[in-house]
Amino acid sequence: MTLGELNEYFRLLDQLSRVRELLLSLEGSTAPGSPVLNGLPGAPGYGDSIGKLAAEIADMRTRVESLEGEVRQKRREIESYVTGISDDQTRLIFRLRFLRGLSWGEVAAIIGGGNTEGGVKKICYRYLH
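Residues numbered from 1 in each chain as written. Predicted model: local features only at pLDDT ≥ 70, side-chain atom pairs only at ≥ 80, totals over all residues. Heavy atoms only, no water.

Draft legend 1. Representation of the environment of aspartate 88 in the model. Residue position: aspartate 88 is located in helix H3 (residues 88-99). A relative accessible area of 53% places aspartate 88 in the exposed class. Among the polar contacts made by the side chain of aspartate 88, one reaches the side chain of arginine 91 at a distance of 2.3 Å. (Helix = DSSP H or I, 4+ residues; strand = E, 2+ residues; numbered from the N terminus. Buried < 20%, exposed > 50% of the residue type's maximum accessible area, 1.4 Å probe, protein only. Polar contact = N/O pair within 3.5 Å; in protein donor to acceptor, adjacent residues only side chain to side chain.)

Draft legend 2. Representation of the pattern of salt bridges. Overall, the coordinates contain seven salt bridges when judged by the stated rule. Among the ionic pairs, arginine 11 bridges to glutamate 8, the shortest N-O distance being 2.5 Å. Of this pair, arginine 11 and glutamate 8 both sit in helix H1 (residues 3-28), separated by three residues, roughly a single helical turn. Judged by its relative accessible area of 25%, glutamate 8 is partly exposed. Between glutamate 79 and arginine 75 there is a salt bridge; the shortest N-O distance is 3.1 Å. Of the two residues, glutamate 79 and arginine 75 are both situated in helix H2 (residues 49-83); the distance of four residues between them amounts to about one turn of the helix. Classification of arginine 75 by relative accessible area gives partly exposed; the value is 28%. (Salt bridge = Lys/Arg side-chain N within 4 Å of Asp/Glu carboxyl O.)

Draft legend 3. Structural context of the packing of H1 against H2. Running from N to C, H1 and H2 point in directions that differ by 155°, and their axes come no closer than 9 Å. Judged by the inter-axis angle, H1 sits roughly antiparallel to H2. Between H1 and H2 lies a crossing whose hand is left-handed. Broken down by class, the residue content of the contact of H1 with H2 amounts to 16 nonpolar, one polar and eleven charged. (Axes fitted to C-alpha atoms, helices over the stretch in contact; angles between N-to-C directions. Parallel < 35°, antiparallel > 145°, perpendicular 65-115°, else oblique. Left-handed = near helix turned anticlockwise from the far one by under 90°. Nonpolar A, V, L, I, M, F, W, Y, C, P; charged D, E, K, R; others polar.)

Draft legend 4. Local environment of the environment of valine 64. Structurally, the position occupied by valine 64 is in helix H2. Take valine 64: its relative accessible area is 7%, and that puts it in the buried class. Between the C-alpha atom of valine 64 and that of leucine 23, which follows or precedes it by 41 residues, the distance is 8.3 Å. Beyond its immediate sequence surroundings of up to four residues, valine 64 is in contact with Leu16, Val19, Arg20 and Leu23. (Contact = heavy atoms within 4.5 Å.)

What follows is the structure, given as structure tokens:
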């Protein structure tokens, strides 16, 4: 597994988070107190506002489900890879960094034993090479 493949998981999580926020925003626009979307045209050229909004919400829900599936698949791949690491410390570094999403500094603090941010990063990169 490469560093790029490991970092892909972070990118997917970030993308999923942004898409979920967009979905919440769309769903929030249908809440009480939002503009009335009765589907009646207010002027020439306007169409079914509720239908368009419902279609956008449905598309966004489909996108969320798709990304959730990608995240689950990538997590399984990473978990399988990390489980195969024989050295306990290296395996823990990979778990903390790539599955829990901790910063290198946080990983070093948890590992302890005088390990620095640069030290745990070097252990990871050496293992990958």
